[in-house]
Amino acid sequence: MLYFSRWKTVLIWLAVVVGVIYASPNVMPASVLANMPSWGPKNPMTLGLDLQGGSHILLQIDRQDLIEERLTSARDEIRQALRDARIGYTGLSGSGRTVQVRIRDQDKIDAAKEALSGLTEPVTSGLFGGGSISEMALEEPEPGLLRYTLTDDGVDYRLATALGQSIEVVSRRVNELGTTEPIIQRQGNDRILVQVPGLTDPQRLKDILGQTAKMTFQMVDQSVPVEEAIEGRPPAGTTVMYSMDDPPVPYLIEDRVIVSGENLVDAQATFDQRTNEPVVSFRFDTRGATRFGQATQENVGRLFAIILDGQVISAPQIREPILGGSGQISGNFTVQSANDLAVLLRAGALPATLTVIEERTVGPGLGQDSIDAGKVASYIGAALVVVFMVLIYGLLGIISVVALAANIAMIVALLSVLGATLTLPGIAGIVLTIGMAVDSNVLIFERIREERRAGRSVIQAIDAGFSRALATIVDANVTTLIAAVILFYLGSGPVRGFAVTLAIGILTTVFTAFTLSRWMVAEWVKRRRPKELPKAPFKLVPDETAIKFMGFRRLTFALSAFMSVAALVLFMTLNMNLGIDFKGGSIIEVQSRSGTADIADIRSRLSELNLGEVQVQEFGDPSEVLIRVQAQDGGENAQQTVIEKVRGELEADYDFRRVEVVGPTVSSELAQAGTIAVLASLVAILFYIWVRFEWQFAVGAIVATLHDVIMTVGFFVITGIEFNLSSIAAILTIVGYSLNDTVVVYDRVRENLRRYKKMSLPQLLNESINQTLSRTTMTSLTTLLALLALFMFGGEVIRSFTAAMIFGVVIGTYSSIFIAAPLLILFKMRASAMRPEGDDGQGEIVDDVPAAQTPSR
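Heads up: these notes are all about the structure in this document. All figures in this text were calculated on a predicted structure; none of them were measured in a lab.

**Let's talk about the overall build of the chain**
Of regular secondary structure, the chain possesses 25 helices and 24 strands. Each of the three principal axes of the chain carries a C-alpha extent, and together these read 115 × 65 × 60 Å. Taking all 857 residues of the chain together, 52% fall into the buried category. Contacts spanning at least 24 positions in sequence make up 75% of the contacts within the chain whose residues lie at least 6 apart.

**Focus on the sheet that holds strand β17 (residues 311-314)**
The strand order around the closed barrel formed by five strands is β11-β13-β12-β17-β16, and the pairing between neighbours is mixed. The sheet shows a mean angle of 55° between the axes of neighbouring strands, direction not considered. Pairing analysis gives three bridges linking strand β16 (residues 304-308) to β17, with the strands arranged antiparallel. When the bridges of β17 are listed, I306 appears paired with S314.

**Section: the side chain of R755**
Assignment of secondary structure puts R755 in helix α22 (residues 725-755). Within the structure, R755 has its side chain in polar contact with the side chain of E751 (distance 3.0 Å).

**Considering the pattern of salt bridges**
What the rule picks out here adds up to 36 salt bridges. In this structure, R158 and E135 form a salt bridge, with 2.7 Å as the shortest nitrogen-oxygen distance. In this pair, R158 is assigned in helix α6 (residues 152-176) and E135 in the loop between β6 (132-134) and β7 (136-142), connecting sequence segments 23 residues apart. When its relative accessible area of 33% is taken as the criterion, R158 is described as partly exposed.

**Some thoughts on the sheet that holds strand β14 (residues 264-271)**
The three strands are arranged β14-β15-β18 in an open sheet whose pairing can be described as antiparallel. Two strands lie at the open edges of the sheet, namely β14 and β18 (326-329), each paired on one side alone. Ignoring which end each strand starts from, the neighbouring axes of this sheet average 25° apart. Here four bridges tie strand β15 (residues 278-284) to β18, and the two strands are oriented antiparallel to one another.

**A few points about the side chain of R628**
Checked against the element boundaries, R628 lands in strand β23 (residues 621-629). Residue class for R628 comes out buried when judged on its relative accessible area of 16%. Polar contacts involving the side chain of R628 include one to the side chain of E722, which spans 2.5 Å. The contact partners of R628, leaving out residues within four places of it in the chain, are S586, I587, E613, V614, Q615, Q617 and E722.

**Description of the environment of D369**
Counting through the fold element by element, D369 comes out in helix α11 (residues 364-393). Its relative accessible area of 37% is what places D369 among the partly exposed residues. Separated by 115 residues in sequence, D369 and E254 place their C-alpha atoms 56 Å apart.

**Some words on the packing of aromatic side chains**
The final tally for this structure, using the stated rule, is 18 aromatic pairs. Look at F217 and F304: their rings are 6.5 Å apart centre to centre, the planes differ by 25°, and that puts the pair in the stacked class. Residue F217 is located in strand β11 (residues 215-220), and its partner F304 is located in strand β16; the two are separated by 87 residues in the primary sequence. Judged by its relative accessible area of 7%, F304 is buried. Relative to F723, the ring of F716 has its centre 5.0 Å away and its plane inclined at 90°; by these criteria the two rings are edge-to-face. The exposure class assigned to F716 is buried, which follows from its relative accessible area of 1%. Taken together, the aromatic side chains of F217, F282, F284, F292 and F304 make up a single cluster linked through ring pairs. Above the plane of the ring of F656 lies R647, whose end atom (NZ or CZ) is 4.7 Å from the centre. The ring centre of F791 lies 5.5 Å from the NZ or CZ of R799, which sits over that ring.

Conventions and cut-offs
- Residues numbered from 1 in each chain as written.
- Predicted model: local features only at pLDDT ≥ 70, side-chain atom pairs only at ≥ 80, totals over all residues.
- Heavy atoms only, no water.
- Helix = DSSP H or I, 4+ residues; strand = E, 2+ residues; numbered from the N terminus.
- Buried < 20%, exposed > 50% of the residue type's maximum accessible area, 1.4 Å probe, protein only.
- Contact = heavy atoms within 4.5 Å.
- Pairing = 2+ DSSP bridges.
- Axes fitted to C-alpha atoms, helices over the stretch in contact; angles between N-to-C directions.
- Polar contact = N/O pair within 3.5 Å; in protein donor to acceptor, adjacent residues only side chain to side chain.
- Salt bridge = Lys/Arg side-chain N within 4 Å of Asp/Glu carboxyl O.
- Phe/Tyr/Trp six-rings, centres within 6.5 Å; stacked < 30°, edge-to-face > 60°.
- Lys NZ or Arg CZ within 6 Å of the ring centre and 35° of its normal.

Here it is as structure tokens:
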């Protein structure tokens, strides 16, 4: 395995050089990138909203609103069709999904059905492969009573149509704001995801997206005083509406629409030439101009109302016919509100109400702080790992450091080329990869040392070390890759960014370990022809250890069983500190504009807002405060009201650095997805280990992993650390890391079972664990060094994630030795149970224990 042809050498270094080139835009200034040739790499990594600042808003179409609107239009169609056909009717009403009407003349029932046949005519739908569906179904429970019911297919058709139209309208509205590279895409059957990077005023975005913006021009009924209509019953064909003034002014509005917003072709914010107040100038299309001109010509002297979403903006008097097809809307506008109304009118009305069910907003200041903290943590973590590897392995350590540098460059290059988004948890994934990437090299180098101690020559030891470590490294990394893939498909937002980074890191790690590291070692052997392996300045674990780990198995089983039961009891009796991802609510991070934040004052001011339970605590710096507000009872819209109230109370004294709002709909879905992610990863990994090993190994690995998951949950309960989406990512990563450790031990156990068929199982397990002890110790230490750097310097936002990871690495190392291995004794694992796979590349199978390695009995 140490021979490399010329073309292999060229391909290996070509891959490394290409990786460095495509990673370079991330460290180049913008002026240099602008002058790069067209064929050269220009795209740095895309930063997530948590790093560059911006807003993530998830909107949901109101399904019931669509149904009610369709029923209203169906009633209007029935009324108009029967009147045109001169057919008498009574009892026209609607409820739920049904509209019904009674035909007075029994002889005209068939004529009525014919006149209303358009309601049940099939419509073409893209949902059903371009086939036809019926929106409404006709029933006649008794003669003359026609009942039209909106079908499930009809509702789905309306929902899909409204979703497509809403995406177009939302896109136009967001683009009108002049934002840079917004992301607007469909999510599921009834949701729209809007991500706007670098947005400085998220409240304005929500206001613009939250308005349906249905504008109509209707006449004001002045035949009766509006007060009489309010106290009694409005005349037929009229409705009482209120203005946007404070206090609101009531108007009696005729239901007949003269012109609607659909007839507008342009709207611009301008200033009134007489009063110099902000107004909105508008212009109709030909049809709208004709209808508007005709209406104003016939109603000179009367009031007409300009209505937006059921509220009267203004109700001016028609002094003369308006025949030019243009006009202006005046009201109590500010410059921004006039601009916003113009944006809404130009973009068009939404077909249905959109509700904000999830919001995550990060200010640009916090994003830059996160980037700076991530860089510092990465530099310190990398430096600690580099120093550690050089001290432990000498020249081989330097080779692993070069491979690590190439590994990081290739991760960054792939993220840049694929257009993947780098999030704050993604930076954590890179730092974690730095710690775990050396695992492959540690496995190889420790195996080389072991083969050399067994009497092989340097070249034979190196060759055997690489070849025999291959299967172990592949098995260990595949288990972590399974967890990362499942996390990507079931996670969302920043957590998905973590999964992408981790998965790419695993692939590049295997590549650099088995190509670049091996090439550099082969080149060293070729040029120096060494007689001994390079000496290391420091030795952490002795070459030969004989710790009787299995002698402690009863104690560790009892201790782990007690701790696991205690963790489960605490989980069921104590309330875990669930984050808003799982129980809904709001998180607001603010920073004092001057000096230290006054937590007592904030708590006092917010307690007067009647928001329920409010938690206020210092968050990192004394000037920064984290505010948690419980989920509100009023549903999704009530959650948004919380932010408005808090912003109104604190905005004068504090900068809003981060806002996260999760409504009850999303929180329940996230909790379900998180549970499924953990269970699915365990099942997938169980299947993989079952295929690669025997059933005893698979069950042992899953039991040990469940132990780690339960202990980690107990850690969250005891410490009170917030459990959120990042915590699910931490648990899945712990699952992958723990299995990585367990697979390394099991792989050596499997090898020794085939080699030493007469050795007792406890002794064989002791031998296997001692043989892999140096690898286990050093991999854990390198990972812990990287995580400690992340914990201390990575910032407050991911500190809870890192704390859980540190605990998981420690508990995962413990379970691999004291839980997973002893379980094989409980399952009565024997060499006779092994599959007949020959030596599997792991060495010669013998019928007895070699004399040099015969353990004491």
